[in-house]
Amino acid sequence: MKNHIKLFLIFLIVPFLAIAQKKDSVKVKEKLERSAFEAATVIDNASNVLFNKNTLDVQMAHRFGVINGGSNDMAGFWAPSNIRIGLSYAILDRLTIGYGTTKFDRLQDFNWKVALLRQTRSNTMPISVSYYGNFTVSALKKENFNLKQDRYSYFNQIIIAKRFSPNISFQLAPSVSHYNLVDKPAMKNDMVAIAFGGRIKISPQTAIVFDYTQPVTKFDSSVKPEPGISIATEFATSAHVFQIILTNYNGLVQQKNIMFNQNNFFNGDFMIGFNITRVYNF
């Protein structure tokens, strides 16, 4: 009788042991942390944001003239302004391709962004790492160039970002810019730079965003590019991001800003601008 009781208890316990073992053997899928930023750009540099597959991101960037440009410019509003309009499409969850056109120098940029590592909520992967690059062509008249390839420039950047909390995010982004043709002999064709950006949320839909870019490669002092300093108030909804910006960058394409910027923010060489993005899900 005792043996029958033992067998009965074994038959009761074995199914539960099997279920527990099966659960342990199933790997739990990690949940991804939300992107560190709301838009595909911090301000002037790309962010770690990659949208879900089949998402279209429409971008418009505008920079007025320099505030101290002249007494008849009304703080730069009447001065010549630069504009960029762009489209980016997520062909995969981890891959976005895009195109943009810029007013100054008639720049046509073809860009891409790839997610290499993605931060998880459990912090097993504590950071996000993305790669951003572009190939840019100047559409100015041919008399501005000796060779066709003189129109070309390139930009490559690694974006290391972390969302520390729902309210605070930062990123570090080293980059290399290359121009086939530069303006002056004292310049080099390649420029290494490092950018630092952050976002601090001050209300459910409002944040303060900043973006600093430091050129590293040494140029002659007569053509030495100035660091980029930008600060913005950002307003975000489920589909829109709107930024009102104070910046000394007006190139609107990364390598143009980094290689050629001569505006010194602390000498008053800054301008008002804005970025607008709108996301469409298909």
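In every chain, residue numbers begin from 1 and rise along the written sequence. Where totals are concerned, whole chains, interfaces and linings use all residues; where local detail is concerned, this predicted model gives features only for residues with pLDDT of at least 70, and gives and counts side-chain atom pairs only at 80 or more. To obtain the side-chain values, all non-hydrogen atoms of the structure were included, while hydrogens and water were left out.

A.B. asks: Where do I start with the sheet that holds strand 2 (residues 82–92) in this structure?
C.D. replies: To summarise the sheet geometry, strands pair through backbone hydrogen bonds and adopt either a parallel or an antiparallel arrangement. In this scheme, strands are said to pair when DSSP sees at least two bridges between them. Secondary structure elements are taken from DSSP: a helix is a run of H or I of four residues or more, a strand is a run of E of two residues or more, and numbering for both begins at the N terminus. One closed barrel accounts for 12 strands, arranged 1-2-3-4-5-6-7-8-9-10-11-12; its pairing is antiparallel. Each neighbouring strand pair of the sheet contributes to a mean axis angle of 20°, computed without reference to strand direction. With eight bridges connecting them, strand 1 (residues 55–66) and strand 2 associate as antiparallel partners. When the bridges of strand 2 are listed, D57 appears paired with S88. Here, axes are lines fitted to C-alpha atoms. For helices the fit covers the stretch in contact, and angles between N-to-C directions go from 0 to 180 degrees.

A.B. asks: Looking at this model, I keep getting lost on the packing of aromatic side chains. Mind explaining?
C.D. replies: Ring pairs (aromatic) are described by centroid distance and by the angle formed between their planes. Within 6.5 Å between ring centres, the rings of Phe, Tyr and Trp (the latter by its six-membered ring) count as paired, and their orientation is classed by plane angle as stacked under 30 degrees, edge-to-face over 60, tilted in between. A full pass over the atoms with the stated rule returns 15 aromatic pairs. Ring-pair connections join several aromatic residues into one group, and the members of that group are Y99, F110, F135, Y152 and Y154. Our definition puts a charge over a ring when NZ of Lys or CZ of Arg is within 6 Å of the ring centre and also within 35 degrees of the ring normal. The ring of F260 carries the charged tip of K256 above its face, separated from the ring centre by 4.9 Å. Across from the ring centre of Y280, 4.4 Å away, lies the NZ or CZ of R278, which sits over that ring.

A.B. asks: Can you help me understand the pairing of strand 5 (residues 128–138) in this one?
C.D. replies: Within a regular strand, side chains alternate between the sheet's two faces. Counting buried positions over the 11 residues of strand 5 gives nine, a clear majority of the element. Looking at chain direction, strand 4 (residues 107–117) and strand 5 are connected through 10 bridges and run antiparallel. Paired with W112 across the strands is G133, a residue of strand 5. Bridging between strand 5 and strand 6 (residues 152–165) involves 10 bridges; their strand directions are antiparallel. The residue bridging N134 from the neighbouring strand is F155, located in strand 6. Buried, partly exposed and exposed residues are distinguished by accessible area as a fraction of the type maximum, computed with a 1.4 Å probe on protein chains only: under 20%, between the cut-offs, and over 50%, respectively.

A.B. asks: It is not clear to me how the environment of F210 should be interpreted in this structure. Could you clarify?
C.D. replies: Within the secondary structure, F210 is located in strand 9 (residues 206–215). For the pair F210 and T233, spaced 23 residues apart in the sequence, the C-alpha separation amounts to 8.9 Å.

A.B. asks: Which parts of the structure should I look at to understand the nonpolar core?
C.D. replies: What is meant by a nonpolar core is a set of buried Ala, Val, Leu, Ile, Met, Phe, Trp, Tyr and Cys residues, joined one to another through side-chain atoms within 4.5 Å. Core analysis: the biggest nonpolar cluster contains 17 residues, and M187, F219, I258 and M259 have the highest contact counts within it. For this core, the elements supplying multiple residues, two or more each, are strand 6, strand 7 (168–179), strand 8 (190–203) and helix 2 (254–260). A contact between two residues is defined here by any heavy atoms of the two lying within 4.5 Å. If we ignore the near neighbours within four places in the chain, the residues touching F219 are A186, M187, K188, D190, M191, K224, P225 and M259. Within the second largest apolar cluster, 12 residues are counted, among which are F37, V42, I245 and V279.

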